[in-house]
Amino acid sequence: NAGVTQTPKFRILKIGQSMTLQCTQDMNHNYMYWYRQDPGMGLKLIYYSVGAGITDKGEVPNGYNVSRSTTEDFPLRLELAAPSQTSVYFCASSPGTEWHFGDGTRLSIL
Amino acid sequence: EDKVVQSPLSLVVHEGDTVTLNCSYEVTNFRSLLWYKQEKKAPTFLFMLTSSGIEKKSGRLSSILDKKELFSILNITATQTGDSAVYLCAGTGGSQGNLIFGKGTKLSVKP
């Protein structure tokens with residue numbers, strides 16, 4: 001039972017590049033979330049999903065897109081990377097009560 | 001607007017000290033309050049509180065929720081250097097039924 005797995009762990013992008021942050025969970029949780037954490041700040045919700053085929057915007061969705069074609073996978077896409085998107089990204093899943101977090105992806109946009 | 005406010009933002013103590021971390025919340029449709037410990041990677045779960053006045057304990061850590069005052073505290077007794085971390089408080093509820101995080105309290109325990 002791996003829990004929530006995020007890849008990659010680190011990535012450096014140039015301004016304007018695109019990339020996909022991968023997140024997969026093996027706990028059959030319906031709820032999945034993407035958060036970003038900036039230095040000295042708490043986690044802010046980017047997008048979330050309540051089940052396969054259903055996604056919705058969180059607090060800070062601009063510049064990101066998500067999809068949820070399966071229960072297990074919830075990738076986060078950056079289409080045109082901007083310096084303001086430099087952050088640590090956490091994926092989480094939940095059965096509706098407790099939350100399980102991945103180890104995070106540290107992303108730098110230069 | 002839903003919000004969770006933690007205080008202090010940072011704290012430096014010596015081993016053996018007792019610390020109290022504070023968390024106040026304003027969360028619509030509030031369901032529960034969670035405490036997490038974050039070291040270098042993902043937040044790790046400590047406590048989930050749903051009822052007022054019932055203390056939850058795990059070793060040297062304890063926490064309690066006051067739903068009347070919209071407040072929770074996390075106590076750590078006999079602190080150790082391994083307790084050094086950022087402690088995050090989060091409320092569940094809000095318009096999206098999600099976790100709303102505070103900024104965290106950075107605790108540094110000196111030998």
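The preceding data block contains the structure.
Quick caveat, the model's predicted, so the values are computed rather than measured.

## Some words on the sheet that holds strand E1 (residues 3-7) of chain B
Residue and element names in this part refer to chain B.
Item 1. Taken in spatial order, the five strands line up as E1-E3-E8-E7-E6 in an open sheet, and their pairing is antiparallel. Lying at the two open borders of the sheet, with one neighbouring strand each, are E1 and strand E6 (56-58). On average, each strand axis in the sheet is inclined to that of its neighbour by 15 degrees, with strand direction left out of account.
Item 2. Across five bridges, the pairing between E1 and strand E3 (residues 19-26) is antiparallel. The residue of E3 that forms the bridge with Gln-6 is Cys-23.

## Observations regarding unusual backbone geometry
Comment: phi is negative for the bulk of residues other than glycine, and the bulk of peptide bonds are trans.
Item 1. Pro-8 of chain A follows Thr-7 of chain A through a cis peptide bond whose omega is -5 degrees.
Item 2. Inspection of the secondary structure puts Pro-8 of chain A in the loop between strand E1 (4-7) and strand E2 (10-13).
Item 3. Looking along the chain, the bond that leaves Ser-7 of chain B and enters Pro-8 of chain B is cis, with omega of -10 degrees.
Item 4. Relative to the helices and strands, Pro-8 of chain B is located in the loop between E1 and strand E2 (10-14).
Item 5. For Asn-28 of chain A, which is not glycine, the phi dihedral falls at a positive 60 degrees.
Item 6. Inspection of the secondary structure assignment puts Asn-28 of chain A in the loop between strand E3 (19-25) and strand E4 (31-37).
Item 7. Look at Asn-28 of chain A and you get exposed, because its relative accessible area is 58%.
Item 8. Although it is not a glycine, Leu-70 of chain B sits at a positive phi angle of roughly 55 degrees.
Item 9. With respect to the helices, strands and loops of the structure, Leu-70 of chain B is situated in the loop between strand E7 (61-66) and strand E8 (71-76).

The rules behind the values
- Residues numbered from 1 in each chain as written.
- Chains lettered and ligands numbered in written order.
- Predicted model: local features only at pLDDT ≥ 70, side-chain atom pairs only at ≥ 80, totals over all residues.
- Heavy atoms only, no water.
- Pairing = 2+ DSSP bridges.
- Helix = DSSP H or I, 4+ residues; strand = E, 2+ residues; numbered from the N terminus.
- Axes fitted to C-alpha atoms, helices over the stretch in contact; angles between N-to-C directions.
- Buried < 20%, exposed > 50% of the residue type's maximum accessible area, 1.4 Å probe, protein only.

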